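Each chain, letter by letter, is given below.
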Amino acid sequence: MGIFTEIRNECLIKELQRELNTDVLLFGFDGMVYFGRLQKVEDCRVATLMAPEEASNVEIQTPSGENVEVRFAHVDLWQIVAKATGVKTNPFDSGYGKGPAAGLPERTDTTERQESHELICILRRMIGDEVAITTLGGFLFTGTLGDVDDELAFISVDDIFIPGTSSQISDDDVSTAVINLEAITSVSLLNCTC
């Protein structure tokens, strides 16, 4: 059984099918970030992205922080660890991804993965709190946890940190994220600045 079969999340794919003709950010297990307008989902497996409203091409951010523009992209949805919607501006134009972050630890791949039911139980008790959730691929999502349902965590985004960059995607760029619970690696409460 392959790693993609282990992290495939049919609930997340159903969520994406409701996002047709919407600008989305897709976060891959391999650390890639895809920004484009979701045109279709084929066989509950492959998403087709076209140029988003905020850019002239589909943009792919690599784990090293490089931005590559393509005319369209077909993305394997079985390797997606999260999606962000409510895109307000092009997150790659707002200073995000301008060079590698210093001191990032080297990533290692595992051959077998099972979601942590203990982490999911802890996360369910954090609904309404300011949280930080990390996933496979090295992504860190911060914001208010709205719900944990159908193998998904729904948050109102404060910031999204991507491996290989020294800046983040903020709530000025996107408003919500849906995270694949099959891919979470840690959950934390943020410090209150009250």
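Note that the coordinates shown come from a computational prediction; the quantities given were computed from them, not determined experimentally.

### What to know about the pairing of strand β4 (residues 58–61)
Side-chain alternation along β4 places V58 and I60 on one buried face and E59 and Q61 on a second face that is also buried. Summarising the sheet, strand β2 (residues 33–42) and β4 pair through 3 bridges and their orientation is antiparallel. Note that in β4 the partner of V33 across the bridge is Q61. Judged from the 4 bridges that link them, β4 and strand β5 (residues 67–70) form a sheet pairing that is antiparallel.

### Some thoughts on the environment of L38
As for its position among the elements, L38 is in strand β2. Placed 19 residues apart in sequence, L38 and E19 show a C-alpha to C-alpha distance of 6.9 Å. Leave out the neighbours within four places in its chain, and L38 touches L16, E19, L20, N21, T22, V24, A47, T48 and L49.

### Observations regarding helix α3 (residues 117–124)
Within α3 the residues assigned to the buried category are L119, I120 and L123. Relative to the axis of α3, the buried residues are bounded by an arc of 100° and lie together on one face. In this structure, the buried side of α3 is in contact with β8 (130–135), β9 (140–149), β10 (152–161) and β13 (184–189).

### Points about the packing of aromatic side chains
In the structure shown here, the tally under the stated rule is 4 aromatic pairs. With centroids separated by 5.2 Å and ring planes inclined at 70°, the aromatic side chains of F27 and F139 adopt a geometry described as edge-to-face. Of this pair, F27 sits in strand β1 (residues 23–28) while F139 sits in the loop between β8 and β9, and the two are 112 residues apart along the sequence. Across the pair, exposure class does not vary: F27 and F139 are buried alike.

Conventions adopted
- Residues numbered from 1 in each chain as written.
- Predicted model: local features only at pLDDT ≥ 70, side-chain atom pairs only at ≥ 80, totals over all residues.
- Heavy atoms only, no water.
- Buried < 20%, exposed > 50% of the residue type's maximum accessible area, 1.4 Å probe, protein only.
- Helix = DSSP H or I, 4+ residues; strand = E, 2+ residues; numbered from the N terminus.
- Pairing = 2+ DSSP bridges.
- Contact = heavy atoms within 4.5 Å.
- Arc of directions from axis to C-beta.
- Phe/Tyr/Trp six-rings, centres within 6.5 Å; stacked < 30°, edge-to-face > 60°.

On their own, these measurements won't tell you what the molecule is for.
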